[in-house]
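Chain by chain, the residues run as shown.
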Amino acid sequence: MPSLPAVFLSHGSPMLILEDGRAHRFLKGYAAELPRPTAILIASAHWETAEPRLTAGAAPETIHDFGGFPAELYRMRYPSPGDPALAERAAGLLRGAGFPAGLDPARGLDHGSWVPLSLLYPAADIPVVQLSLQTELGPEHHYRVGAALRPLRDDGVLIVGSGSLTHNLMRLQRQAADDQPPPAWVAAFEDWIADKVAAGEIAALLAWRARAPHAAVAHPTDEHFLPFFVALGAATPDGRGARIHHSQTYAALAMDAYAFP
Ligand code: ZN
């Protein structure tokens, strides 16, 4: 089985699907660099539950969990099949690691999943299981969740954390050109994360809230950065990750992506 990385993706605004730009082009091209996954397990910043939950329906619906966007976006569907057997196996791995994981047969895919997947795998022919976050439990918890799921990678499952490298909607410059340089606080936060990933400094990354520059403005709340830790946890121990994409939309929304071997 060819080896797939664990990946963190910044999913941006739903407009990412419709508007050309650096992150749009990256996502459209990235799948060609990967072996074809047998299935995708994706943790989304837009699904928060008290305990880990996995979508377990055979045909998860497309959830349009956003407001005020063009009608075209609400007509979009991402009709990938689910994978109830994978959901069951993932829940078993999580329970084995001490997490009270459960299945949700009714839950569909929110835009944290289907926006990036529509660009990565537009044919929607790879089964997808979505995983929820427990935001109040912080980075260490999500790192351990990712580690518990690591064995799925041996079966060709692409483990994805879908969030945003920075996520402060009050600071977006909605008229900014796609290639406008970011504000200094965005660049400093991006660079700190990239440096720590390149150096394999897991403890520093887990302590990002206290240690990363401008953490409070980069992430007023945690949920869009926690999927990063699911991907980091699913990495091979001591495997150094790499930043595989670096850009911003609306100047301040960092769209960086990481792959962990
Ligand atoms: Zn989001």
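Numbering of residues begins from 1 in every chain and follows the order in which that chain's sequence is written. Restriction of local features to residues with pLDDT of at least 70 applies here, the model being predicted, together with a cutoff of 80 or more for giving and counting side-chain atom pairs; totals for whole chains, interfaces and linings are based on all residues. Excluding hydrogens and water, the side-chain values take into account all heavy atoms of the structure.

Participant: Help me out: how do you make sense of the overall build of the protein in this one?
Facilitator: A count of helices and strands for the protein gives 10 helices and 10 strands. Values of the radius of gyration come from C-alpha atoms, whereas the globule rule sets the reference at 2.2 Å times the count of residues to the power 0.38. Scaling as 2.2 N^0.38, a compact globule of 261 residues should have a C-alpha radius of gyration of about 18 Å, and the protein matches this with 17 Å. Its C-alpha atoms give the protein principal-axis dimensions of roughly 45 × 45 × 35 Å. We call a residue buried when its accessible area falls under 20% of the maximum for its residue type, exposed when it is over 50%, and partly exposed in between, using a 1.4 Å probe and counting protein chains only. For the protein, buried positions account for 58% of its 261 residues. Contact between two residues is taken to exist if any of their heavy atoms lie within 4.5 Å; hydrogens are not considered. Within the protein, contacts between residues separated by at least 24 positions form 80% of all contacts whose residues are at least 6 apart in sequence. The method behind every accessible area is Shrake-Rupley, applied with a 1.4 Å probe, and residues are considered shielded solely by the protein chains displayed. By element, 54% of the accessible surface of the protein is carried by carbon and sulfur atoms, the whole surface being about 10,100 Å². For the purposes of this entry, the term helix denotes a DSSP run of H or I that reaches at least four residues, the term strand denotes a run of E that reaches at least two, and both are numbered from the N terminus.

Participant: In this structure, what is going on with the coordination of the zinc ion? I would like to understand it.
Facilitator: Note on metal geometry: ideal angles are 109.5 degrees for four donors arranged tetrahedrally and 90 or 180 degrees for six donors arranged octahedrally. A donor here means an N, O or S atom no more than 2.8 Å from the metal, or no more than 3.2 Å when the metal is Na, K or Ca. Since water is not included, a site may seem to lack partners. Distances from the zinc ion to its protein donors, His11 (NE2), His46 (NE2) and His224 (NE2), fall at 2.0 Å. For the zinc ion, the donor residues sit on a single chain with the sequence spacing H-x34-H-x177-H. Of the two residues, histidine 11 is situated in the loop between strand 1 (6–10) and helix 1 (22–30) and histidine 46 in strand 2 (residues 39–48); the sequence distance between them amounts to 35 residues. Take histidine 46: its relative accessible area is 28%, and that puts it in the partly exposed class.

Participant: How should the pattern of salt bridges be read in this particular structure?
Facilitator: It is possible for side chains bearing opposite charge to pair when their charged atoms get close. We count a salt bridge whenever a side-chain nitrogen from Lys or Arg sits within 4 Å of a carboxyl oxygen from Asp or Glu. On inspection of all chains with the given rule, the structure shows 9 salt bridges. Two residues, aspartate 20 and arginine 25, come together in a salt bridge whose shortest N-O distance is 2.8 Å. The class for aspartate 20 is exposed, based on a relative accessible area of 54%. Residue arginine 25 is classed as partly exposed on the basis of its relative accessible area, which comes to 46%.

Participant: How do you make sense of the packing of aromatic side chains when you look at a structure like this?
Facilitator: In summary, the pairing rule links any two rings of Phe, Tyr or Trp, Trp by its six-membered ring, whose centres are within 6.5 Å, and it sorts them by plane angle into stacked for under 30 degrees, edge-to-face for over 60 and tilted for everything else. Enumeration according to the criterion identifies 15 aromatic pairs in this entry. On the numbers, 5.7 Å between centres and 90° between planes, the contact of phenylalanine 228 with tyrosine 258 is edge-to-face. Placement of the pair is phenylalanine 228 in helix 10 (residues 226–233) and tyrosine 258 in strand 10 (residues 257–260), with a sequence separation of 30 residues. Considered together, phenylalanine 228 and tyrosine 258 belong to a single accessibility category, that of buried residues. A ring pair is formed by phenylalanine 228 and phenylalanine 260, whose centres lie 5.8 Å apart and whose planes are at 80°; its orientation type is edge-to-face. With phenylalanine 228 in helix 10 and phenylalanine 260 in strand 10, this pair connects stretches of sequence that are 32 residues apart. Look at phenylalanine 228 and you get buried, because its relative accessible area is 0%. When its relative accessible area of 1% is taken as the criterion, phenylalanine 260 is described as buried.

Participant: Please explain the nonpolar core as it appears in this structure.
Facilitator: Across soluble globular proteins, you tend to see nonpolar side chains buried next to one another. Counting residues in each nonpolar core, the largest one holds 88 residues, and the members touching the most others are Tyr121, Ile193 and Phe228. The element best represented in this core is helix 6 (residues 184–199), accounting for 7 residues. Apart from the residues lying within four places of it in its own chain, the contact partners of tyrosine 121 are Ala31, Leu34, Pro37, Ile40, Tyr78, Ile126 and Leu158. Buried Ala, Val, Leu, Ile, Met, Phe, Trp, Tyr and Cys residues form a nonpolar core when they are joined through side-chain atoms within 4.5 Å.

Participant: Can you help me understand helix 6 in this one?
Facilitator: Side chains three or four residues apart in an α-helix point the same way, a direct result of the helix having 3.6 residues per turn. In this model, helix 6 (16 residues) spans 22 Å end to end at C-alpha, consistent with the 22 Å of a helix rising 1.5 Å per residue. For helix 6, the complete set of buried residues consists of Trp185, Val186, Phe189, Glu190, Trp192, Ile193, Ala194, Lys196 and Val197. Immediately downstream of helix 6, the backbone of glycine 200 shows phi near 70°, a positive value. Given the number of residues in a helix, its expected span is that number minus one, multiplied by 1.5 Å.

Participant: Would you mind going over the pairing of strand 1 with me for this structure?
Facilitator: Residues in a regular strand point their side chains to alternate faces of the sheet. Within strand 1, 5 of the 5 residues are buried, which leaves the element mostly enclosed by the surrounding structure. The side-chain alternation of strand 1 yields two buried faces, one formed by Ala6, Phe8 and Ser10 and the other by Val7 and Leu9. Any two strands with at least two DSSP bridges between them are considered paired. Sheet analysis places strand 1 next to strand 10, joined by 3 bridges and oriented antiparallel. Across the sheet, residue phenylalanine 8 finds its bridge partner in strand 10, namely tyrosine 258. Pairing analysis gives 4 bridges linking strand 1 to strand 6 (residues 157–163), with the strands arranged parallel.

Participant: Would you explain the packing of helix 3 (residues 84–96) against helix 5 (residues 138–149) in this entry?
Facilitator: A pair of packed helices can be characterised by two numbers: the angle between their axes and the separation between those axes. For the pair helix 3 and helix 5, the least separation of the axes is 8 Å and the interaxial angle reads 120°. By the angle class used here, helix 3 and helix 5 are oblique. Both helix 3 and helix 5 take part in a crossing whose hand is right-handed. For the pair helix 3 and helix 5, the contacting residues are Ala90, Leu93 and Leu94 in the first and Val145, Ala148 and Leu149 in the second. When residue character is reported, Ala, Val, Leu, Ile, Met, Phe, Trp, Tyr, Cys and Pro are called nonpolar, Asp, Glu, Lys and Arg charged, and the others, Gly included, polar. For the contact of helix 3 with helix 5, the per-class residue count stands at 6 nonpolar, no polar and no charged. Only the stretch in contact is used when a helix axis is fitted, and all axes are lines through C-alpha atoms; the angle between N-to-C directions ranges over 0 to 180 degrees. Note that the term roughly parallel is reserved for angles under 35 degrees, roughly antiparallel for angles over 145, roughly perpendicular for angles of 65 to 115, and oblique for everything else. With the far helix as reference, a near helix turned anticlockwise by less than a right angle produces a left-handed crossing, and one turned clockwise produces a right-handed crossing.

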